[in-house]
Amino acid sequence: MDLINSVLNLVVPPASLVMLAFAWPALSFINVCEWVYNTLYSENMEDKVVIITGASSGIGEHIAYEYAKKKAKLVLVARRENRLRGIGENARLLGAKHVMIMAADVVKLDDCMRFVTETVNYHGRVDHLVNTASLGHTFYFEEAIDTSVFPALVDINFWGNVYPTYVALPFLRESNGRVIVNASAENWLPLPRMSLYAAAKAALINFYETLRFEVKEVGITIATHGWIGSEMTRGKFMLEDGAEMQWKEEREVHVTGGPVEEFARLMVEGACRGDAYVKYPSWYDIFLLYRVFAPTVLGWTFRLLLSSNGARRSTSLIGISRPLLESNSPRKHLSGGPRLTSTTGRPLLEAGSPPKLLTGGGSPPNFLLTGGSFTFSHQHNPHQHQQKME
């Protein structure tokens, strides 16, 4: 067996490259024909029900606008309800047939069950689930002074996508719907200072790649982006004077400019065509070849880029450039993240009256708003609010 593997190690890689080189023109022609066909017969989203998590701004916000232009019925989900109200109104003006907003935290299974259940109770179906939850960082792994932030990164980047999918999957199966995932090129192109983010995204991609074969009735579109000018280019974690761990998520940052809008447009168009992958920018794929066939070259490149930024600071707070507290000052610890609960049963729709629809003019009703950035010590309010617009 060892002899066979040794021979295959020498023969298979070059033989595969030669076969791929000869087959490349034919494969490209087939892909173009498939793209043209899917574009001409793309899914009509008018009156279709679309749930968008992390819709309070950034990529999620612009995805909501793209679906609104297609006259879909939107369910916008995020923790910060005050941001959702304005986005929902903009989506309605752009052509959305109906807009429902709900405050929820996607890393809590109960919240995911609630917004999916209320969507099905009101609309009777779910056609697209768009997961845009993402939390990045810009610190070296060894700089972390409190490991409690590690589960939080995995929670939002992995479970924040898995939980909504788990709850919505039975209804997506009924409608032959689709799951759209906001991933990142870092899942296979890991960059310095993003180790935990890259690991969580790699786990997310492999989860959905496996899910493709398990649920053939539900389509899956995986969208990967590179550096597109969002808050991923800046530090995510902040340590305020009160020593409370806070985050600003990529989806909750007000981002303007072409790259984010273009990526959102490509995601929606790709999902309507039934594309398995959406990549922006697509030239990032070339680095995948380097990683497979010339990983040393890729490693040299990263080391060169890293050394060009100067000497690394020896100690720092997570995600910021401030030095650690002096020894004569008491160390400030980051507060721990919320605990997740699990359930063994499938979510069931609860019998009850559908949510009330708010229509007409006049001043909007008062809502319970969350102030400032989310903190890990934040206690979940059981009295959630929602608003719907037509």
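The text that follows walks through the structure, step by step, so that each part is easy to find. (Residues numbered from 1 in each chain as written. Predicted model: local features only at pLDDT ≥ 70, side-chain atom pairs only at ≥ 80, totals over all residues. Heavy atoms only, no water.)

Section: the pattern of salt bridges
Turning to step 1, where the next piece is worked out: A full pass over the atoms with the stated rule returns eleven salt bridges.
Turning to step 2, where the next piece is worked out: Between Arg265 and Glu262 there is a salt bridge, with the nearest N and O atoms lying 2.4 Å from each other. Here Glu262 and Arg265 lie together in helix α7 (residues 258-273), a separation of three residues that amounts to about one turn.
Turning to step 3, where the next piece is worked out: By relative accessible area, Glu262 is classed as partly exposed at 26%.
Turning to step 4, where the next piece is worked out: The closest approach of N and O atoms between Arg265 and Glu269, which form a salt bridge, is 2.9 Å. Note that Arg265 and Glu269 are positioned in helix α7 at a spacing of four residues, about one turn of the helix.
Turning to step 5, where the next piece is worked out: Given a relative accessible area of 29%, Glu269 falls into the partly exposed group.
Turning to step 6, where the next piece is worked out: Linked through salt bridges whose partners overlap, the residues forming this network are Glu46, Asp47 and Lys97. (Salt bridge = Lys/Arg side-chain N within 4 Å of Asp/Glu carboxyl O. Helix = DSSP H or I, 4+ residues; strand = E, 2+ residues; numbered from the N terminus. Buried < 20%, exposed > 50% of the residue type's maximum accessible area, 1.4 Å probe, protein only.)

Looking at a nonpolar patch on the surface
Turning to step 1, where the next piece is worked out: Taken together, the side chains of Leu17, Trp283, Ile286, Leu288, Leu289, Tyr290, Val292, Phe293, Val297 and Trp300 make up a nonpolar region of the molecular surface, amounting to roughly 1000 Å² of accessible area.
Turning to step 2, where the next piece is worked out: Elements with a contribution of two residues or more to the nonpolar patch: α8 (286-293) and α9 (295-308).
Turning to step 3, where the next piece is worked out: Counting through the fold element by element, Leu288 comes out in helix α8.
Turning to step 4, where the next piece is worked out: Residue class for Leu288 comes out partly exposed when judged on its relative accessible area of 38%. (Patch = residues over 30% accessible without salt bridge, like charges linked within 9 Å, V, L, I, M, F, W, Y side chains within 5 Å. Areas by Shrake-Rupley, 256 points an atom, 1.4 Å probe, with all protein chains shown as cover.)

Considerations on the packing of helix α2 (residues 58-69) against helix α3 (residues 81-94)
Turning to step 1, where the next piece is worked out: Two numbers describe how α2 lies on α3: the axes approach to 8 Å, and their chain directions differ by 25°. Of the possible angle classes, the one that applies to α2 and α3 is roughly parallel. Every pair of crossing elements has a handedness; the one defined by α2 and α3 is right-handed. Packed against α2, whose contacting residues are Glu61, Tyr65, Ala68 and Lys69, the element α3 presents Ile87, Asn90, Ala91 and Leu94 at the interface.
Turning to step 2, where the next piece is worked out: Grouping the constituent residues of the contact of α2 with α3 by class yields five nonpolar, one polar and two charged. (Axes fitted to C-alpha atoms, helices over the stretch in contact; angles between N-to-C directions. Parallel < 35°, antiparallel > 145°, perpendicular 65-115°, else oblique. Left-handed = near helix turned anticlockwise from the far one by under 90°. Contact = heavy atoms within 4.5 Å. Nonpolar A, V, L, I, M, F, W, Y, C, P; charged D, E, K, R; others polar.)

Describing helix α5 (residues 149-174)
Turning to step 1, where the next piece is worked out: Given a rise of 1.5 Å per residue, 26 residues ought to cover 38 Å, and the 38 Å separating the end C-alpha atoms of α5 matches this to within 8%.
Turning to step 2, where the next piece is worked out: Maximal helix bending in α5 amounts to about 50°, located at Ala168; proline Pro170 follows within four positions.
Turning to step 3, where the next piece is worked out: Buried residues dominate α5, accounting for 19 of its 26 residues.
Turning to step 4, where the next piece is worked out: A positive phi of about 50° marks Asn176, the residue just after α5. (Expected span 1.5 Å × (residues − 1). Bend = angle between axes of the 7 residues up to and from the residue.)

Comments concerning the packing of aromatic side chains
Turning to step 1, where the next piece is worked out: Across all of its chains, the model carries eight aromatic pairs by this definition.
Turning to step 2, where the next piece is worked out: Ring geometry for Phe158 versus Phe207: centroids 6.1 Å apart, planes at 75°, classification edge-to-face. One end of the pair, Phe158, is in helix α5; the other, Phe207, is in helix α6 (residues 195-214), with 49 residues separating them in the sequence.
Turning to step 3, where the next piece is worked out: Accessibility expressed as a relative area gives 15% for Phe158, which makes it buried.
Turning to step 4, where the next piece is worked out: Of the residues examined, Phe207 reaches a relative accessible area of 25% and is grouped as partly exposed.
Turning to step 5, where the next piece is worked out: Members of the aromatic cluster, each reached through a chain of ring pairs, are Phe158, Trp159, Tyr163, Phe207 and Tyr208.
Turning to step 6, where the next piece is worked out: Above the ring of Tyr140, the side-chain terminus of Arg193 is found at 5.1 Å from the ring centroid.
Turning to step 7, where the next piece is worked out: A cation sits over an aromatic face here: Arg212 above Tyr277, 4.8 Å from the ring centre. (Phe/Tyr/Trp six-rings, centres within 6.5 Å; stacked < 30°, edge-to-face > 60°. Lys NZ or Arg CZ within 6 Å of the ring centre and 35° of its normal.)

Here's the deal with the nonpolar core
Turning to step 1, where the next piece is worked out: Judged by nonpolar contacts, the single largest core of 44 residues is most densely connected at Ile51, Val75, Phe115, Val116, Leu172 and Tyr208.
Turning to step 2, where the next piece is worked out: With twelve residues, the top contributor of residues to this core is α5.
Turning to step 3, where the next piece is worked out: Ignoring anything within four residues of it in the chain, the contact list for Tyr208 reads Asn131, Asn161, Val162, Thr165, Val179, Val181, Ile220 and Ile222.
Turning to step 4, where the next piece is worked out: Grouped together as the second largest cluster of nonpolar side chains are 31 residues, Ala55, Ala68, Ala271 and Cys272 included. (Core = buried A, V, L, I, M, F, W, Y, C linked by side-chain atoms within 4.5 Å.)

What to know about unusual backbone geometry
Turning to step 1, where the next piece is worked out: Residue Pro281 is bonded to the preceding Tyr280 through a cis peptide linkage, with omega at -10°.
Turning to step 2, where the next piece is worked out: Here Pro281 is to be found in the loop between β9 (277-280) and α8.
Turning to step 3, where the next piece is worked out: In this structure, Asp47 is a non-glycine residue whose phi angle is positive, near 70°.
Turning to step 4, where the next piece is worked out: Although it is not a glycine, Asn176 sits at a positive phi angle of roughly 50°.

Description of the pairing of strand β4 (residues 128-131)
Turning to step 1, where the next piece is worked out: Side-chain alternation along β4 places His128 and Val130 on one buried face and Leu129 and Asn131 on a second face that is also buried.
Turning to step 2, where the next piece is worked out: As paired strands, strand β1 (residues 49-53) and β4 are joined by four bridges and run parallel to one another. Following the sheet pairing, Ile52 is matched in β4 by Val130.
Turning to step 3, where the next piece is worked out: Where the polypeptide runs from β4 across α5 and back to strand β5 (residues 178-182), its parallel neighbour, the crossover connection is right-handed. (Pairing = 2+ DSSP bridges. Right-handed = clockwise from strand over helix to strand, strands pointing away.)

Let's talk about the environment of Lys70
Turning to step 1, where the next piece is worked out: Note that Lys70 resides in the loop between α2 and β2 (73-78).
Turning to step 2, where the next piece is worked out: Separated by 25 residues in sequence, Lys70 and Met45 place their C-alpha atoms 5.8 Å apart.
Turning to step 3, where the next piece is worked out: Here Lys70 is in contact with Met45, Glu46, Val268 and Cys272, once residues within four sequence places are set aside.

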